[in-house]
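Fold and contact review
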Amino acid sequence: MKSYVARPKDIERKWYVIDATDKVLGRLATEVATILRGKHKPIYTPYIDTGDYVIIINAEKIRLTGNKLTQKEYVYHTGYSGGRRAIRYDKLMATKPEKAIELAVKGMLPHNIMGRAMYRKLKVYAGENHNHEAQQPEVYEF
């Protein structure tokens, strides 16, 4: 019995659109990361990017459970001395709701060149409108 190994010519990429209305941030992010990696396909190969494209709409309507909206912080460093910055998720969701989803998904992808290639296949929009009608995306429900 030989193991199947996907080749770049065998990979067919689809486009999926996911409505984030009333979805929990972490559960949505895990499902999206699975699609971006290609783990939902039978041809999944760990060292080859077999994933599909994902469009997330209505990012502003996503929800966080418990007290995360007021207690959870997005922390980053500017690169300068004393440059630690923190933004609470209630402010982040008010100003850039797409960023919250992008950060959650990016953390669930591999932290290497292949993970960055997978991350580029993610498109997040705050509202209902997106400009990818030409790709004929399928609605993905979970």
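Residues numbered from 1 in each chain as written. Predicted model: local features only at pLDDT ≥ 70, side-chain atom pairs only at ≥ 80, totals over all residues. Heavy atoms only, no water.

Quick look at the pattern of salt bridges
Within this structure, the stated rule accounts for four salt bridges. The partner of Glu138 in a salt bridge is Lys14, and the shortest N-O contact between them spans 4.0 Å. You can see Glu138 sitting in strand S6 (residues 138–139) and its partner Lys14 sitting in the segment before strand S1 (15–19), a full 124 residues away along the chain. Classification of Lys14 as partly exposed rests on a relative accessible area of 41%. The partner of Arg88 in a salt bridge is Asp90, with the nearest N and O atoms 2.7 Å apart. The class of Arg88 is partly exposed, set by a relative accessible area of 36%. For Asp90, a relative accessible area of 24% corresponds to the partly exposed category. (Salt bridge = Lys/Arg side-chain N within 4 Å of Asp/Glu carboxyl O. Helix = DSSP H or I, 4+ residues; strand = E, 2+ residues; numbered from the N terminus. Buried < 20%, exposed > 50% of the residue type's maximum accessible area, 1.4 Å probe, protein only.)

A look at the packing of aromatic side chains
For the structure on display, the rule yields four aromatic pairs. When the ring of Trp15 is compared with that of Tyr53, the centres are 4.3 Å apart and the planes differ by 5 degrees; the resulting orientation is stacked. With Trp15 in strand S1 and Tyr53 in strand S2 (residues 53–57), the pair connects residues that are 38 residues apart, well separated along the chain. Geometrically, the ring pair formed by Tyr74 and Tyr76 is stacked, given 5.4 Å between the ring centres and 25 degrees between the ring planes. Residue Tyr74 is classed as buried on the basis of its relative accessible area, which comes to 19%. Ring pairs connect the aromatic residues Tyr16, Tyr140 and Phe142, which therefore count as one cluster. Sitting above the plane of the Phe142 ring, Lys23 keeps its charged end 5.3 Å from the centroid. For Lys106, the ring lying beneath its charged end belongs to Tyr119, and the centroid distance is 5.0 Å. (Phe/Tyr/Trp six-rings, centres within 6.5 Å; stacked < 30°, edge-to-face > 60°. Lys NZ or Arg CZ within 6 Å of the ring centre and 35° of its normal.)

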